[in-house]
Amino acid sequence: MEISDDRILKELSIDGVSGSLISLADLIRKQKVGDFVYFRGLVEISNICSKNCYYCGLRKGNTKLKRYALSEDEAVVIGVFIYRSGISSIALQSGEVKSDRWVEKLVNIVRRIKEETKKIDEENGKEPKGAGITISFGELEKEHYEELFRAGAHRYLLRIETSDRELYEKLHPVDENHSFDTRLKCLEWLKEIGYQVGTGVMIGVPGQTIKHLLSDLRFFRSFDIDMIGMGPYIEHRDTPLFVWHRKEIEKRSFYRKAYELSIKMIAFARIMLEDVNIVASTALQSIPGCENSLETGIIAGANVVMPVFTPSDFKKAYSIYENKNNLTVSQMAERIEKAGYIPVFDKWGDPIHYFERI
Ligand code: SAM
Ligand code: SF4
(Lines give C-alpha, C1' and ligand atoms only; values in the text may rest on other atoms or scores of the structure.)
(Ligands and ions follow the chains in the order given, each with its own letter.)
Protein backbone atom coordinates (compact mmCIF):
# COMPACT_ATOMS: atom_id res chain seq x y z
CA MET A 1 0.00 0.00 0.00
CA GLU A 2 1.21 3.51 -0.80
CA ILE A 3 2.05 5.66 2.18
CA SER A 4 3.52 9.14 2.16
CA ASP A 5 6.95 10.10 3.42
CA ASP A 6 5.32 12.67 5.70
CA ARG A 7 3.11 10.08 7.37
CA ILE A 8 6.09 7.77 7.92
CA LEU A 9 8.32 10.51 9.33
CA LYS A 10 5.55 11.80 11.58
CA GLU A 11 4.95 8.36 13.08
CA LEU A 12 8.65 7.62 13.49
CA SER A 13 9.20 10.94 15.28
CA ILE A 14 6.57 10.54 18.01
CA ASP A 15 7.05 8.75 21.34
CA GLY A 16 5.14 5.48 21.61
CA VAL A 17 3.53 3.46 18.84
CA SER A 18 0.11 4.47 17.59
CA GLY A 19 -2.65 1.86 17.74
CA SER A 20 -3.94 2.84 14.30
CA LEU A 21 -0.57 1.97 12.70
CA ILE A 22 -0.53 -1.49 14.28
CA SER A 23 -4.20 -2.13 13.39
CA LEU A 24 -3.58 -1.24 9.75
CA ALA A 25 -0.47 -3.45 9.60
CA ASP A 26 -2.37 -6.35 11.18
CA LEU A 27 -5.26 -5.93 8.74
CA ILE A 28 -2.91 -6.04 5.74
CA ARG A 29 -1.06 -8.98 7.23
CA LYS A 30 -4.27 -10.97 7.65
CA GLN A 31 -5.38 -10.17 4.10
CA LYS A 32 -2.06 -10.85 2.41
CA VAL A 33 -0.26 -13.56 4.40
CA GLY A 34 -2.80 -14.75 6.98
CA ASP A 35 -2.40 -15.42 10.69
CA PHE A 36 0.50 -17.82 10.23
CA VAL A 37 3.93 -17.58 11.86
CA TYR A 38 6.53 -19.82 10.19
CA PHE A 39 9.35 -21.43 12.13
CA ARG A 40 12.96 -21.77 10.88
CA GLY A 41 15.40 -23.82 12.96
CA LEU A 42 18.57 -21.73 13.11
CA VAL A 43 22.07 -23.25 13.23
CA GLU A 44 24.99 -20.87 13.83
CA ILE A 45 27.71 -22.79 12.03
CA SER A 46 30.72 -20.68 12.98
CA ASN A 47 31.61 -17.43 14.74
CA ILE A 48 34.84 -17.01 12.76
CA CYS A 49 34.68 -13.80 10.75
CA SER A 50 37.15 -11.96 8.56
CA LYS A 51 35.32 -8.64 8.88
CA ASN A 52 35.44 -5.86 11.39
CA CYS A 53 31.95 -4.33 11.47
CA TYR A 54 32.15 -1.82 14.33
CA TYR A 55 28.95 -3.01 16.04
CA CYS A 56 29.30 -6.81 16.06
CA GLY A 57 30.85 -9.02 18.73
CA LEU A 58 32.03 -11.54 16.13
CA ARG A 59 34.28 -8.99 14.45
CA LYS A 60 37.79 -10.21 13.74
CA GLY A 61 39.29 -7.58 16.04
CA ASN A 62 37.47 -8.99 19.08
CA THR A 63 40.32 -11.09 20.43
CA LYS A 64 38.42 -11.91 23.64
CA LEU A 65 36.00 -14.19 21.82
CA LYS A 66 36.62 -17.95 21.74
CA ARG A 67 36.14 -19.00 18.13
CA TYR A 68 34.43 -22.19 16.94
CA ALA A 69 33.30 -23.85 13.75
CA LEU A 70 30.96 -26.83 13.70
CA SER A 71 32.26 -29.76 11.68
CA GLU A 72 30.42 -30.72 8.50
CA ASP A 73 29.00 -33.79 10.26
CA GLU A 74 27.87 -31.80 13.32
CA ALA A 75 26.01 -29.26 11.19
CA VAL A 76 24.30 -32.00 9.15
CA VAL A 77 23.26 -33.93 12.26
CA ILE A 78 21.66 -30.78 13.73
CA GLY A 79 19.90 -29.98 10.45
CA VAL A 80 18.47 -33.50 10.28
CA PHE A 81 17.47 -33.28 13.95
CA ILE A 82 15.53 -30.06 13.28
CA TYR A 83 13.73 -31.68 10.35
CA ARG A 84 12.92 -34.85 12.28
CA SER A 85 11.58 -32.73 15.13
CA GLY A 86 8.94 -31.42 12.69
CA ILE A 87 10.39 -28.06 11.58
CA SER A 88 10.70 -28.24 7.81
CA SER A 89 12.63 -24.99 7.27
CA ILE A 90 16.25 -24.66 8.34
CA ALA A 91 18.39 -21.50 8.49
CA LEU A 92 22.18 -21.67 8.50
CA GLN A 93 24.21 -18.61 9.53
CA SER A 94 27.87 -17.81 10.15
CA GLY A 95 30.55 -15.17 10.26
CA GLU A 96 31.90 -14.21 6.86
CA VAL A 97 34.82 -16.10 5.31
CA LYS A 98 35.26 -15.63 1.59
CA SER A 99 37.47 -18.64 0.82
CA ASP A 100 36.91 -21.52 -1.60
CA ARG A 101 37.71 -24.07 1.10
CA TRP A 102 35.22 -22.65 3.56
CA VAL A 103 32.51 -22.37 0.93
CA GLU A 104 33.14 -25.97 -0.14
CA LYS A 105 32.36 -27.01 3.42
CA LEU A 106 29.16 -24.90 3.46
CA VAL A 107 28.10 -26.37 0.11
CA ASN A 108 28.60 -29.89 1.46
CA ILE A 109 26.54 -29.06 4.54
CA VAL A 110 23.67 -27.68 2.46
CA ARG A 111 23.79 -30.58 -0.03
CA ARG A 112 23.90 -33.24 2.68
CA ILE A 113 21.05 -31.69 4.71
CA LYS A 114 18.96 -31.55 1.55
CA GLU A 115 19.74 -35.18 0.65
CA GLU A 116 19.15 -36.50 4.17
CA THR A 117 15.87 -34.63 4.62
CA LYS A 118 14.61 -35.84 1.22
CA LYS A 119 15.29 -39.39 2.39
CA ILE A 120 13.19 -38.72 5.50
CA ASP A 121 10.32 -37.59 3.24
CA GLU A 122 10.62 -40.81 1.24
CA GLU A 123 10.62 -42.91 4.42
CA ASN A 124 7.40 -41.17 5.39
CA GLY A 125 5.80 -41.74 1.99
CA LYS A 126 5.86 -38.04 1.12
CA GLU A 127 7.02 -36.20 -1.98
CA PRO A 128 10.83 -35.88 -1.46
CA LYS A 129 11.10 -32.10 -1.12
CA GLY A 130 13.47 -32.08 1.83
CA ALA A 131 14.05 -29.07 4.05
CA GLY A 132 13.60 -25.48 2.93
CA ILE A 133 17.06 -24.00 3.39
CA THR A 134 17.78 -20.35 4.16
CA ILE A 135 21.41 -19.28 4.38
CA SER A 136 23.19 -16.20 5.66
CA PHE A 137 26.95 -16.39 5.17
CA GLY A 138 27.61 -12.75 4.29
CA GLU A 139 29.30 -11.48 1.13
CA LEU A 140 30.72 -14.20 -1.10
CA GLU A 141 31.74 -14.50 -4.75
CA LYS A 142 28.94 -14.93 -7.27
CA GLU A 143 30.16 -18.47 -8.07
CA HIS A 144 29.91 -19.30 -4.35
CA TYR A 145 26.29 -18.16 -4.24
CA GLU A 146 25.61 -20.24 -7.36
CA GLU A 147 27.17 -23.36 -5.85
CA LEU A 148 25.14 -22.97 -2.66
CA PHE A 149 21.97 -22.51 -4.71
CA ARG A 150 22.68 -25.63 -6.76
CA ALA A 151 23.33 -27.55 -3.53
CA GLY A 152 19.75 -26.81 -2.41
CA ALA A 153 19.67 -23.46 -0.58
CA HIS A 154 16.88 -21.30 -1.91
CA ARG A 155 16.70 -18.28 0.41
CA TYR A 156 19.52 -15.87 1.29
CA LEU A 157 19.53 -13.25 4.02
CA LEU A 158 21.99 -10.40 3.59
CA ARG A 159 21.14 -7.26 5.50
CA ILE A 160 22.14 -4.01 3.86
CA GLU A 161 22.47 -2.82 7.51
CA THR A 162 21.59 0.72 6.40
CA SER A 163 20.62 1.99 2.96
CA ASP A 164 22.56 5.22 3.57
CA ARG A 165 26.11 5.04 2.25
CA GLU A 166 27.41 7.67 4.66
CA LEU A 167 26.00 5.91 7.72
CA TYR A 168 27.24 2.58 6.35
CA GLU A 169 30.73 4.04 6.29
CA LYS A 170 30.41 5.12 9.92
CA LEU A 171 29.41 1.61 10.97
CA HIS A 172 32.18 -0.17 9.06
CA PRO A 173 35.82 0.50 8.30
CA VAL A 174 36.13 2.09 4.87
CA ASP A 175 38.20 -0.42 2.94
CA GLU A 176 37.86 -3.09 0.24
CA ASN A 177 36.58 -5.61 2.74
CA HIS A 178 33.67 -3.42 3.88
CA SER A 179 32.25 -1.82 0.78
CA PHE A 180 28.66 -0.58 0.48
CA ASP A 181 28.84 -1.18 -3.29
CA THR A 182 29.90 -4.79 -2.81
CA ARG A 183 26.99 -5.34 -0.43
CA LEU A 184 24.59 -3.99 -3.06
CA LYS A 185 26.25 -6.04 -5.79
CA CYS A 186 25.85 -9.21 -3.70
CA LEU A 187 22.13 -8.53 -3.29
CA GLU A 188 21.83 -8.10 -7.08
CA TRP A 189 23.65 -11.39 -7.69
CA LEU A 190 21.43 -13.26 -5.25
CA LYS A 191 18.37 -12.03 -7.11
CA GLU A 192 19.86 -12.90 -10.52
CA ILE A 193 20.64 -16.44 -9.37
CA GLY A 194 17.04 -16.97 -8.30
CA TYR A 195 17.21 -16.92 -4.52
CA GLN A 196 14.35 -15.62 -2.43
CA VAL A 197 16.24 -12.59 -1.20
CA GLY A 198 16.06 -11.12 2.27
CA THR A 199 17.62 -7.95 3.56
CA GLY A 200 17.20 -5.62 6.49
CA VAL A 201 18.74 -3.04 8.75
CA MET A 202 19.72 -2.47 12.35
CA ILE A 203 17.41 -0.05 14.10
CA GLY A 204 18.40 2.50 16.73
CA VAL A 205 22.08 2.27 15.94
CA PRO A 206 24.02 5.40 17.03
CA GLY A 207 24.14 7.99 14.24
CA GLN A 208 20.88 6.82 12.64
CA THR A 209 18.03 9.27 12.08
CA ILE A 210 14.39 8.71 11.13
CA LYS A 211 15.25 9.91 7.61
CA HIS A 212 17.66 6.98 7.34
CA LEU A 213 14.86 4.63 8.39
CA LEU A 214 12.51 6.13 5.81
CA SER A 215 15.18 5.60 3.15
CA ASP A 216 15.53 1.97 4.35
CA LEU A 217 11.82 1.35 3.80
CA ARG A 218 12.05 2.93 0.35
CA PHE A 219 15.08 0.76 -0.40
CA PHE A 220 13.17 -2.43 0.46
CA ARG A 221 10.43 -1.35 -1.93
CA SER A 222 12.68 -0.29 -4.80
CA PHE A 223 14.81 -3.42 -4.50
CA ASP A 224 11.62 -5.50 -4.53
CA ILE A 225 12.80 -7.60 -1.64
CA ASP A 226 11.10 -10.90 -0.66
CA MET A 227 12.02 -11.12 3.01
CA ILE A 228 12.93 -8.65 5.72
CA GLY A 229 15.04 -9.33 8.78
CA MET A 230 15.46 -6.19 10.86
CA GLY A 231 15.97 -5.71 14.52
CA PRO A 232 17.23 -3.31 17.13
CA TYR A 233 20.93 -2.67 17.55
CA ILE A 234 22.04 -4.11 20.89
CA GLU A 235 25.34 -3.29 22.53
CA HIS A 236 28.39 -5.48 22.68
CA ARG A 237 30.95 -4.05 25.06
CA ASP A 238 33.96 -5.37 23.17
CA THR A 239 33.20 -3.40 20.03
CA PRO A 240 34.28 0.10 18.94
CA LEU A 241 30.70 1.31 18.45
CA PHE A 242 29.87 0.70 22.09
CA VAL A 243 33.06 2.34 23.29
CA TRP A 244 32.47 5.43 21.12
CA HIS A 245 28.80 5.84 22.05
CA ARG A 246 28.70 4.43 25.55
CA LYS A 247 27.10 7.49 27.14
CA GLU A 248 24.27 7.55 24.60
CA ILE A 249 23.69 3.78 24.77
CA GLU A 250 23.62 3.76 28.57
CA LYS A 251 20.84 6.35 28.71
CA ARG A 252 17.61 4.83 30.00
CA SER A 253 15.67 5.91 26.93
CA PHE A 254 18.06 4.26 24.43
CA TYR A 255 16.49 0.81 24.21
CA ARG A 256 12.93 2.02 24.67
CA LYS A 257 13.42 4.14 21.56
CA ALA A 258 15.12 1.34 19.58
CA TYR A 259 12.26 -0.97 20.54
CA GLU A 260 9.51 1.42 19.50
CA LEU A 261 11.25 2.20 16.22
CA SER A 262 11.70 -1.52 15.53
CA ILE A 263 7.98 -2.16 16.00
CA LYS A 264 7.07 0.80 13.80
CA MET A 265 9.50 -0.33 11.09
CA ILE A 266 7.93 -3.82 11.06
CA ALA A 267 4.47 -2.26 10.79
CA PHE A 268 5.48 0.06 7.94
CA ALA A 269 7.26 -2.78 6.12
CA ARG A 270 4.08 -4.88 6.32
CA ILE A 271 1.90 -1.99 5.14
CA MET A 272 4.19 -1.01 2.25
CA LEU A 273 5.44 -4.42 1.11
CA GLU A 274 2.30 -6.41 1.96
CA ASP A 275 3.13 -10.03 1.01
CA VAL A 276 6.80 -10.35 2.00
CA ASN A 277 8.03 -12.44 4.92
CA ILE A 278 9.15 -10.44 7.96
CA VAL A 279 11.17 -11.93 10.81
CA ALA A 280 10.56 -11.20 14.48
CA SER A 281 14.31 -11.23 15.09
CA THR A 282 16.17 -12.64 18.07
CA ALA A 283 17.48 -9.11 18.70
CA LEU A 284 13.89 -7.87 18.98
CA GLN A 285 13.21 -10.65 21.48
CA SER A 286 16.39 -9.76 23.41
CA ILE A 287 15.97 -6.01 23.73
CA PRO A 288 16.62 -5.04 27.35
CA GLY A 289 13.55 -4.14 29.40
CA CYS A 290 10.90 -5.18 26.83
CA GLU A 291 9.18 -8.40 27.88
CA ASN A 292 6.50 -8.84 25.23
CA SER A 293 8.57 -7.83 22.26
CA LEU A 294 7.99 -11.15 20.43
CA GLU A 295 4.22 -10.78 20.61
CA THR A 296 4.35 -7.09 19.73
CA GLY A 297 6.54 -7.81 16.71
CA ILE A 298 4.08 -10.46 15.51
CA ILE A 299 1.07 -8.20 15.99
CA ALA A 300 2.91 -5.44 14.08
CA GLY A 301 3.31 -7.73 11.07
CA ALA A 302 6.15 -10.23 11.54
CA ASN A 303 5.36 -13.76 10.28
CA VAL A 304 8.62 -15.68 10.77
CA VAL A 305 10.60 -16.72 13.87
CA MET A 306 13.97 -18.42 14.05
CA PRO A 307 14.52 -20.46 17.23
CA VAL A 308 18.19 -21.34 17.75
CA PHE A 309 19.40 -24.97 17.55
CA THR A 310 23.13 -24.28 17.90
CA PRO A 311 24.61 -26.71 20.49
CA SER A 312 24.70 -25.12 23.94
CA ASP A 313 28.55 -25.34 24.10
CA PHE A 314 28.72 -22.84 21.22
CA LYS A 315 25.56 -20.78 21.66
CA LYS A 316 27.24 -18.36 24.05
CA ALA A 317 30.20 -17.89 21.72
CA TYR A 318 27.91 -16.71 18.90
CA SER A 319 27.73 -13.43 20.74
CA ILE A 320 26.82 -10.86 18.12
CA TYR A 321 25.47 -8.72 20.97
CA GLU A 322 25.03 -9.21 24.70
CA ASN A 323 22.37 -11.14 26.62
CA LYS A 324 20.72 -12.88 23.69
CA ASN A 325 17.32 -14.23 24.64
CA ASN A 326 17.12 -17.63 23.01
CA LEU A 327 13.51 -18.73 23.53
CA THR A 328 12.74 -22.41 22.90
CA VAL A 329 10.39 -23.58 20.15
CA SER A 330 7.63 -24.37 22.65
CA GLN A 331 8.01 -21.02 24.45
CA MET A 332 7.71 -19.20 21.13
CA ALA A 333 4.78 -21.31 19.95
CA GLU A 334 2.89 -20.81 23.19
CA ARG A 335 3.34 -17.05 23.11
CA ILE A 336 2.39 -16.82 19.43
CA GLU A 337 -0.80 -18.79 20.05
CA LYS A 338 -1.68 -16.70 23.08
CA ALA A 339 -1.34 -13.60 20.92
CA GLY A 340 -3.92 -15.11 18.52
CA TYR A 341 -1.68 -16.32 15.68
CA ILE A 342 -0.95 -19.80 14.28
CA PRO A 343 2.54 -21.29 14.62
CA VAL A 344 3.47 -23.36 11.54
CA PHE A 345 6.28 -25.92 11.63
CA ASP A 346 5.67 -28.32 8.77
CA LYS A 347 5.60 -25.92 5.82
CA TRP A 348 8.43 -24.08 4.15
CA GLY A 349 6.51 -20.83 4.41
CA ASP A 350 8.03 -19.20 1.34
CA PRO A 351 7.34 -15.48 0.87
CA ILE A 352 4.30 -15.07 -1.41
CA HIS A 353 6.00 -12.00 -2.86
CA TYR A 354 8.72 -14.10 -4.51
CA PHE A 355 6.19 -15.92 -6.69
CA GLU A 356 4.60 -12.61 -7.65
CA ARG A 357 7.89 -11.07 -8.74
CA ILE A 358 9.49 -13.95 -10.71
N1 SAM B 1 28.08 -12.46 8.80
C2 SAM B 1 26.86 -12.43 8.11
C3 SAM B 1 26.47 -11.01 7.77
O4 SAM B 1 27.01 -10.09 8.36
O5 SAM B 1 25.60 -10.86 6.89
C6 SAM B 1 25.73 -13.12 8.86
C7 SAM B 1 25.82 -13.14 10.33
S8 SAM B 1 25.68 -11.55 11.10
C9 SAM B 1 26.08 -11.91 12.74
C10 SAM B 1 23.91 -11.32 11.12
C11 SAM B 1 23.42 -9.95 11.46
O12 SAM B 1 23.70 -9.66 12.82
C13 SAM B 1 24.04 -8.79 10.73
O14 SAM B 1 23.48 -8.62 9.47
C15 SAM B 1 23.77 -7.61 11.67
O16 SAM B 1 22.68 -6.81 11.23
C17 SAM B 1 23.40 -8.29 12.98
N18 SAM B 1 24.16 -7.70 14.10
C19 SAM B 1 25.49 -7.64 14.23
N20 SAM B 1 25.82 -6.97 15.36
C21 SAM B 1 24.65 -6.61 15.96
C22 SAM B 1 24.33 -5.89 17.14
N23 SAM B 1 25.28 -5.41 17.95
N24 SAM B 1 23.02 -5.70 17.44
C25 SAM B 1 22.06 -6.19 16.62
N26 SAM B 1 22.30 -6.87 15.49
C27 SAM B 1 23.60 -7.08 15.15
FE1 SF4 C 1 31.15 -10.58 10.69
FE2 SF4 C 1 28.54 -10.43 10.03
FE3 SF4 C 1 29.44 -9.64 12.45
FE4 SF4 C 1 30.05 -8.18 10.32
S5 SF4 C 1 27.98 -8.56 11.15
S6 SF4 C 1 31.48 -8.79 11.96
S7 SF4 C 1 30.29 -9.79 8.77
S8 SF4 C 1 29.48 -11.70 11.63
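Going by the structure above, here's the rest.
In every chain, residue numbers begin from 1 and rise along the written sequence. To read the labels, note that chains go from A and ligands from 1, taken in the order they are written. Reporting of local features is limited, given that this is a predicted model, to residues whose pLDDT is at least 70; pairs of side-chain atoms are given and counted only at 80 or more, and all residues count toward the totals for whole chains, interfaces and linings.

1. Describing the overall build of the chain
Helix numbers and strand numbers start at the N terminus; a helix is a DSSP run of H or I with at least 4 residues, a strand a run of E with at least 2. Within the chain one finds 15 helices and 12 strands. The size measure is the radius of gyration over C-alpha atoms, and the globule rule it meets is 2.2 Å times the number of residues to the 0.38 power. Against the globule reference of 21 Å for 358 residues, the chain gives a C-alpha radius of gyration of 19 Å, in line with a compact fold. For the C-alpha atoms alone, the extent of the chain along its principal axes is close to 55 × 45 × 35 Å. Whether a residue is buried, exposed or partly exposed follows from its count of other C-beta atoms within 10 Å of its own C-beta, namely 20 or more, 12 or fewer, or something in between, respectively; the C-beta atoms are built from the backbone. The buried share among the 358 residues of the chain stands at 47%.

2. Quick look at the environment of Val37
Within the secondary structure, Val37 is located in strand S1 (residues 36-39). Overall, Val37 belongs to the buried group, with 24 C-beta atoms counted inside 10 Å. For the pair Val37 and Asn277, spaced 240 residues apart in sequence, the C-alpha separation works out to 9.6 Å. Throughout, a pair of residues is in contact if the C-beta atoms placed from their backbones lie within 7 Å. For Val37, the contacting residues outside a window of four places in its chain are Ile298, Asn303, Val304, Val305, Ile336, Tyr341, Ile342, Pro343 and Val344.

3. A word on the sheet that holds strand S3 (residues 89-94)
The strands that make up a sheet are held in pairs by hydrogen bonds between backbone atoms, and each pair lies either parallel or antiparallel. Strand pairing follows a simple DSSP-based rule, namely that at least 2 bridges must link the two strands. Taking strand neighbours across the sheet as the criterion, the 7 strands line up as S2-S3-S4-S5-S6-S8-S10 in an open arrangement whose pairing is parallel. One side of each edge strand has no neighbouring strand; the edge strands of this open sheet are strand S2 (41-46) and strand S10 (277-278). In this sheet, strand S4 (residues 132-136) lies alongside S3 in parallel orientation, the contact comprising 5 bridges. Across the sheet, the residue bridging to Gln93 is Ser136, located in S4.

4. So, the site of ligand 2
The environment of ligand 2 is formed by Cys49, Lys51, Cys53, Cys56, Leu58, Arg59, Gly95, Glu96 and Gly138. Considering only residue class, the shell around ligand 2 consists of 4 nonpolar, 2 polar and 3 charged. Using a C-beta atom placed from the backbone for every residue, we mark a residue as near a molecule or strand if that atom lies within 6 Å of it. When residues are grouped by polarity, Ala, Val, Leu, Ile, Met, Phe, Trp, Tyr, Cys and Pro land in nonpolar, Asp, Glu, Lys and Arg in charged, and all others, Gly among them, in polar.

5. Details of the sheet that holds strand S11 (residues 304-305)
Ordered by their spatial adjacency, 3 strands build an open sheet running S11-S1-S12, and the pairing between neighbours is parallel. At either end of the open sheet lies a strand with only one pairing partner, and these are S11 and strand S12 (342-344). In this sheet, S11 lies alongside S1 in parallel orientation, the contact comprising 2 bridges. From the neighbouring strand, Phe39 faces S11, where its bridge partner is Val305.

6. With respect to the environment of Leu70
Secondary-structure assignment places Leu70 in the loop between S2 and helix H3 (72-84). A tally of 21 C-beta atoms within 10 Å means that Leu70 is categorised as buried. Along the chain, Leu70 and Val43 lie 27 residues apart, while their C-alpha atoms are 9.6 Å from each other. Ignoring sequence-local partners within four residues, the contact set of Leu70 consists of Ile45, Ser46 and Ala75.

7. Observations regarding the site of ligand 1
Inspection of the region around ligand 1 gives 19 residues, with Cys56, Gly138, Arg159, Ile234 and Tyr321 positioned closest. Class assignment for the residues of the shell around ligand 1 results in 10 nonpolar, 6 polar and 3 charged.

8. Some thoughts on helix H8 (residues 210-223)
Spanning 14 residues, H8 covers 20 Å between terminal C-alpha atoms, matching the ideal 20 Å at 1.5 Å per step. Within the sequence span of H8, burial applies to Leu213, Asp216, Leu217 and Phe220. Along H8, the residues classed as buried sweep out an arc of 95 degrees about the axis, all on the same side. One fewer than the residue count of a helix, multiplied by 1.5 Å, yields its expected span. Note: the arc covers the axis-to-C-beta directions of the helix.

The values are spatial; any link to function lies outside them.
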